[in-house]
Amino acid sequence: MSRETENDQQKDQNAVQPEETVVNSAEAGNDQAGKEQARSEKLSNEEIEQELLQEEPVSETEQLQQQVADANDNVLRIQAEMQNMRRRAERDVENAHKFALDKFSADLLPVVDNLERALSAINAEDDSQKAIAEGIELTLKSFLDVLVRFKIEAVDPAGQPFDANLHQAVSMVPNPDMEPNTVMDVFQKGYTLNGRLIRPAMVVVSSAA
């Protein structure tokens, strides 16, 4: 082989070597970029996992706090309901004790009315009726003492302003000497039991002349 041919082959090899270097450099760059991307993705995944781990305990804590708050609300509500039930029960028992004699007292009142009528019908100047009058007075006093003992009080509003809560007007009579709506006369006394009306007073009320 001639020297010129050898020189030409040597030149061809030198010309090919730069192309191989360029290819190797490109491949190395691609590998580096791939490694960087993989590292970035790994960091991103780790950051996401850390955020999730940090968020989960907070979420569980908030959930537990909400459950505790709901439980406290339920306890307070139940306590309030129990307290209201206890108060209602106490009030019912108290009313039962206070007004257990309501009907019985109302049935006794006609007896008192009859004794008062009998006493007013007796002639106090007649000596023959004095013993009867004294007996009726003692009986009436005993009845009234029993009524007072059991918190039964008479409503005798003669001369007082008319009160629709305690009085029942049977008639109205013009009277220039009295203020209008004043009780002029009492036909029948009223009575209350522990402050609650069991019978209104039957009255005559004055009106403007």
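Conventions and cut-offs
Residues numbered from 1 in each chain as written. Predicted model: local features only at pLDDT ≥ 70, side-chain atom pairs only at ≥ 80, totals over all residues. Heavy atoms only, no water. Salt bridge = Lys/Arg side-chain N within 4 Å of Asp/Glu carboxyl O. Helix = DSSP H or I, 4+ residues; strand = E, 2+ residues; numbered from the N terminus. Buried < 20%, exposed > 50% of the residue type's maximum accessible area, 1.4 Å probe, protein only. Pairing = 2+ DSSP bridges. Axes fitted to C-alpha atoms, helices over the stretch in contact; angles between N-to-C directions. Contact = heavy atoms within 4.5 Å. Expected span 1.5 Å × (residues − 1). pLDDT = per-residue confidence, 0-100.

Turning our attention to the pattern of salt bridges. Across all of its chains, the model carries 6 salt bridges by this definition. For R196, the salt bridge identified is with D102, shortest N-O distance 2.8 Å. Here D102 lies in helix 2 (residues 102-121) and R196 lies in strand 5 (residues 196-199), a separation of 94 residues in the sequence. The exposure class assigned to R196 is partly exposed, which follows from its relative accessible area of 36%. With a relative accessible area of 22%, D102 lands in the partly exposed category. With a closest N to O distance of 3.2 Å, D127 and K130 form a salt bridge.

A few words on the sheet that holds strand 4 (residues 190-193). In spatial order, the strands read 1-4-5; together these 3 strands make up an open sheet with antiparallel pairing. Among the strands making up the open sheet, the edge pair consists of strand 1 (152-155) and strand 5. Taking the axes of each pair of neighbouring strands and ignoring which way they run, one obtains an average angle of 35° across the sheet. Bridging between strand 1 and strand 4 involves 4 bridges; their strand directions are antiparallel. Of the residues in strand 4, the one forming a bridge with E153 is T192. Relative to strand 5, helix 2 is tilted by about 55°, and along the sheet it contacts strand 1, strand 4 and strand 5.

Turning our eyes to something else, we now look at helix 2. In this model, helix 2 (20 residues) spans 29 Å end to end at C-alpha, consistent with the 28 Å of a helix rising 1.5 Å per residue. Among all positions of helix 2, only S105, L108, L109, V112, D113 and L115 are buried. Lining the buried residues of helix 2 we find helix 3 (130-149), strand 1, strand 3 (183-188), strand 4 and strand 5.

In this section: the confidence of the model for the chain. Averaged over all residues, the pLDDT of the chain equals 78, while 72% of them reach at least 70. Within the chain, no element has a lower average pLDDT than helix 1 (residues 3-98), which sits at 66, and none a higher one than strand 4, at 94. Taken together, the stretch residues 14-26 has pLDDT below 50 and engages in 0 contacts with residues farther than four places along the chain or on a different chain.

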